Amino acid sequence: MEVNSEKGDRRRRVGLVYDDRMCKHATADGDPHPENPDRIRAIWKKLESAGIPQRCVVFNAKEAEDKHILSVHSNNHVNLIKNISSKQFDSRRNRIASKFNSIYMNEGSSEAAYLAAGSVIEVAERVAKGELSSAFAIVRPPGHHAEQNEPMGFCLYNNVAIATSFLLNERPDIKKILIVDWDVHHGNGTQKMFWKDPRVLFFSVHRHEFGSFYPANDDGFYYMTGEGPGAGYNINVPWENGRCGDADYLAVWDHILIPVAKDFNPDIVIISAGFDAAIGDPLGGCHVTPYGYSVMLKKLMEFAEGKIIMALEGGYNLVSLANSVLACVEVLLEDKPIAGSSEAYPFESTWRVIQAVRQELSAFWPTLADELPKKLTSCKASPLQQLLVASSDSEDESDIDLHIGAENLEAVVQDGLSKLKVDEDSHVDTDLVATWRSELSKIDVWYASFGSNMWKSRFLCYIEGGQLEGMEKRCSGSVDRNPPKEIMWKTVPHRLFFGRDHSSIWGPGGVAFLNPEENKQDRAYICLYRITLEQFNDVLLQENASSYDISSPLFDLVALNSIADKQSISVEFKSGWYRNVLYLGKECDIPILTLTCPLSDVEAFKSGALPMSAPSKEYANTIIRGLTEGKQLSEEEAIAYIQEASTKPFVISTPKPFACFVS
């Protein structure tokens, strides 16, 4: 232990844990992975640059004892994590890890897991004793997904659950603990470990989307409230969509968490501090700013005399992660006022979820029984906000937020807040948007899909919003979420091929393109969806950009009326892969439009300047399902169709070897 400030006795004594040994846990072959050692290095570097360690009590990590881990995990689980990094497992370690959900292990995993769990125990005990006012454990691997007998979701041991059990068993003065899990993913492991325990009030706010968002099960629904003596002590707030930001989270704090926490009156508060709901996070898709996290934490410091333990969970945009942790530690130190503001309103879906949670829990917590005033719930975000962040296959655009410099983060955050603001100043833009959307909603087009969108369930992600198995990002959906009016199939004399070697939605592997040039020797299957021109614009946006000014349409009536003569029109995106709108004739006197790459990209594929790659198993299977469920081909024929498109070379370039994609 190192006390780094003479002022520590006059201020809140805040503990910090950081240890490079936890960086030894990494992928076996050094493959890229969101949960990597740079996460905690970036946090520590940010704290050092702000002079934070000198104002805190800094600890090295300490390994947990098996007896404490066994209070929440099984013997089999402990034996696995303890021994998996030993030499006897060298030849089978990867195979064992592959049997679990989203887990990797290497020679440093065992030590890191024990250090992470032990560190949270150590600072929790010191806060409970009064040696520290509060603490932040900068640990990895994270823990809240790990269940009694199973590691999952990047988590090996459930660090927060182990520390919670330790305090309840070893500290007779700690009788009630509030766990707040604000990671963007549901804390399924922690929930199950205290499901019947009234001493623990477990609260989780998370993206859920009716069970389709990771961990993709029913555990995170609002009606999962605990069992037996623990009934009512498990609170889930499941977001129906992504893009939730400060206003949404603070509404939940004010109208669910804080009223219940006042009645519960905890002796200590432990936060599963995931920062993957932060703005720019590649996995979370939400918009919480460092200011938002500051206010959420400040409100929780009103309980248990400010005795708070924060344990790092997720968070994969290194800049947002580091800035958010810094903001929280400054709140714990209480020597700096919280800077910032948010004038945005919550989504309509946020109020809907809040009211459902309050109604479900009102039998256990009478403070939630009163209905929220309509004047309050009518203050909601415009539905047009949903397209401020779109889900795009075009890697360059969608990754824009991930590499933003720290010096620009504040500007980006403030820009994001200004876009979310809904007030009198925004009426002009809203009217403009409403006008073009109203006009284009009256015009029908056929959207022709030739790749993964041939599977109806996949295409509906672009209309209704959502995410299917195998997709690494969620689609934001269209403003008009009505399904296609009609669906039909055709073949066209164009070449299907697979290019690029990685996309933001599907990960490694090529994605489908249609050669804009006709060739009577080629034949490609297309599924036609009859949608409005307004919806087509939203699909075009989601295929190409991470953000866009939607005050005017991307493809308007002028473009529609001229495309038959021009045959194709390239939309002005910085680097979208599907920015070329291609005209494929008419059906029932309605234009058929598809989205593919421009001819310049085709030449780049031919020359080898852009890679041609076989699709991943997940991507290929969506095409197979589209063709088979659409009764166009049998499964064997669909596989052969994809294999031919993957291996047939252009005149010059040679594709990468075809990969096996059928499980």
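What this report covers is the structure whose coordinates are included nearby. (Residues numbered from 1 in each chain as written. Predicted model: local features only at pLDDT ≥ 70, side-chain atom pairs only at ≥ 80, totals over all residues. Heavy atoms only, no water.)

**What about the overall build of the chain?**
Counted only if it meets this: Strands here are runs of E lasting at least two residues and helices are runs of H or I lasting at least four, both read from the DSSP assignment and numbered beginning at the N terminus. Burial classification: accessible surface area is computed with a 1.4 Å probe over protein chains only, and a residue below 20% of its type maximum counts as buried, one above 50% as exposed, and the rest as partly exposed. It only takes one pair of heavy atoms within 4.5 Å for two residues to be counted as in contact. Shrake-Rupley sampling with a 1.4 Å probe provides the accessible areas, and residues are treated as covered by the protein chains on show and by no other component.
A count of helical and extended segments in the chain gives 21 helices and 19 strands. Per-residue burial over the chain gives 61% buried out of 663 residues. Counted over contacts in the chain with a minimum sequence separation of 6, partners at least 24 positions apart contribute 77%. By element, 47% of the accessible surface of the chain is carried by carbon and sulfur atoms, the whole surface being about 26,200 Å².

**A few points about the sheet that holds strand β18 (residues 580–587)**
Quick reminder of the rule: Whether two strands pair comes down to DSSP finding at least two bridges between them. A fitted line through C-alpha atoms serves as each axis, taken over the contacting stretch for helices, and the angle formed by two N-to-C directions is quoted from 0 to 180°.
The sheet built from six strands is open, its strands ordered β11-β16-β10-β19-β18-β17 with mixed pairing. Each having just a single partner strand, β11 (486–492) and β17 (568–570) make up the two edges of the open sheet. Taken pair by pair, the neighbouring strands of this sheet meet at an average axis angle of 30 degrees, ignoring direction. Sheet topology note: the β18/strand β19 (residues 590–596) ladder contains six bridges and is antiparallel. Residue pairing for β19: E587 is matched across the bridge by I590.

**Thoughts on the pattern of salt bridges**
The condition is simple: The term salt bridge refers to a pairing of a side-chain nitrogen on Lys or Arg with a carboxyl oxygen on Asp or Glu at a separation within 4 Å.
The tally for this structure, following the rule as stated, stands at 34 salt bridges. For the salt bridge of K67 with E65, the shortest nitrogen-to-oxygen distance reads 3.8 Å. R530 is the salt-bridge partner of D444, the closest N and O atoms lying 3.0 Å from each other. Of this pair, D444 sits in strand β10 (residues 444–449) while R530 sits in strand β16 (residues 524–532), and the two are 86 residues apart along the sequence. Overall, the relative accessible area of 15% leaves D444 in the buried class. One salt-bridge network, held together by shared partners, links D19, R21, K24 and E111.

**Digging into the packing of aromatic side chains**
How we decide: In this scheme Phe, Tyr and Trp rings, the latter by its six-membered ring, pair at centre separations within 6.5 Å, and the angle between planes marks the pair as stacked below 30 degrees, edge-to-face above 60, and tilted otherwise. Charge-over-ring placement is defined geometrically: NZ (Lys) or CZ (Arg) within 6 Å of the ring centre, and within 35 degrees of the ring normal.
Under the counting rule described, the total for this entry stands at 25 aromatic pairs. Taking 5.3 Å as the distance between ring centres and 70 degrees as the angle between the ring planes, the aromatic pair formed by W239 and Y249 counts as edge-to-face. Of the two residues, W239 sits in strand β7 (residues 234–239) while Y249 sits in helix α8 (residues 246–264), which places them ten residues apart along the sequence. Pair check on accessibility: W239 and Y249 agree, each one buried. Aromatic pair F459 and Y529: ring centres 4.1 Å apart, planes at 15 degrees, arrangement stacked. Of this pair, F459 sits in helix α16 (residues 456–464) while Y529 sits in strand β16, and the two are 70 residues apart along the sequence. Residue classification places F459 among the buried positions, given a relative accessible area of 0%. Each member of the aromatic cluster is reached from another via a ring pair, and the members are F136, W182, F203, W253, F275 and Y293. R458 extends its terminal NZ or CZ atom over the ring of Y462, reaching a point 4.4 Å from the ring centre.

**Notes on the environment of I642**
Checked against the element boundaries, I642 lands in helix α21 (residues 635–647). Distance from I642 to N621, taken between C-alpha atoms, is 9.9 Å for residues 21 residues apart in sequence.

**Some details on unusual backbone geometry**
Residue P141 follows R140 across a cis peptide bond; omega there is 0 degrees. If you trace the backbone, P141 turns up in the loop between β4 (134–137) and α6 (159–170). One non-glycine residue, F154, lies in positive phi territory at about 75 degrees. Note on placement: F154 falls in the loop between β4 and α6.

**Here we look at the side chain of S452**
Here S452 shows up in the loop between β10 and α16. Residue S452 is classed as buried on the basis of its relative accessible area, which comes to 5%. In this structure S452 touches R458, W506, Y619, T622 and I623, once residues within four positions along its chain are discounted.

**Considering the environment of I505**
Here I505 lies in the loop between β13 (502–503) and β14 (507–508). Judged by relative accessible area, which is 0%, I505 ranks as buried. Sequence separation between I505 and M471 is 34 residues; the distance between their C-alpha atoms is 5.3 Å.

**Topic: the pairing of β7**
Buried residues dominate β7, accounting for six of its six residues. Of the two faces of β7, the one holding N234, N236 and P238 and the one holding I235, V237 and W239 are both buried throughout. Strand direction decides the pairing type here: strand β6 (residues 200–207) and β7, joined by six bridges, are parallel. Looking at β7, one finds that F202 is bridged to N234.

**Comments concerning the nonpolar core**
Definition in use: Side-chain atoms within 4.5 Å link the members of a nonpolar core, which is a set of buried Ala, Val, Leu, Ile, Met, Phe, Trp, Tyr and Cys residues.
In terms of nonpolar packing, the biggest core is built from 127 residues, with W182, W253, F275 and M310 touching the most fellow members. Ranked by residue count, the leading element in this core is helix α5 (residues 109–129), at twelve residues. With near-sequence residues (within four places) excluded, W253 lies in contact with V180, W182, F203, V205, I258, P259, M296, K299 and L300. Listed in part, the 73 residues of the second largest apolar core include M471, I531, L541 and L627.

**Observations concerning the pairing of strand β5 (residues 177–181)**
Here β5 lies mainly inside the structure; five of its five residues are buried. Judged by which residues are buried, β5 turns out to be covered on both faces: I177, I179 and D181 on one side and L178 and V180 on the other are all buried. Direction of pairing for β5 relative to β6: parallel, over a ladder of five bridges. The partner of V180 across the bridge, within β6, is F203. Sheet topology places β5 next to strand β8 (residues 268–273); five bridges connect them, and they run parallel. From the neighbouring strand, L178 faces β8, where its bridge partner is V269.

**Some words on helix α3 (residues 75–83)**
Residues spaced three or four apart along an α-helix point in a common direction, a consequence of the helix completing one turn every 3.6 residues. Selection rule: What the arc covers is the set of directions going from the helix axis to the C-beta atoms.
What α3 keeps buried is the set H77, V78, L80 and I81. Each buried residue of α3 lies within a common arc of 160 degrees when the element is viewed along its axis, so the set occupies one face. The exposed set on the far side of α3, more than 90 degrees from its buried face, consists of N75 and N76. Check the buried side of α3 and you find it contacts α2 (66–69), α4 (93–98) and α5.

**Considerations on the packing of helix α20 (residues 617–629) against α21**
For any two helices packed against each other, one specifies the crossing angle of their axes together with the interaxial distance. Rules: Between 65 and 115 degrees an angle is taken as roughly perpendicular, under 35 as roughly parallel, over 145 as roughly antiparallel, and anywhere else as oblique. If you view the pair so one helix is near and one far, a crossing is left-handed when the near helix is turned anticlockwise from the far one by less than a right angle, and right-handed when it is turned clockwise.
Direction vectors running N to C along α20 and α21 enclose 130 degrees, while the axes themselves pass 9 Å from each other. By the angle between their directions, the pair α20 and α21 is classed as oblique. Of the two possible hands of crossing, α20 and α21 adopt the one that is right-handed. Contacts from A620, I623, I624, L627 and T628 of α20 reach α21 at E635, A638, I639, Y641 and I642.

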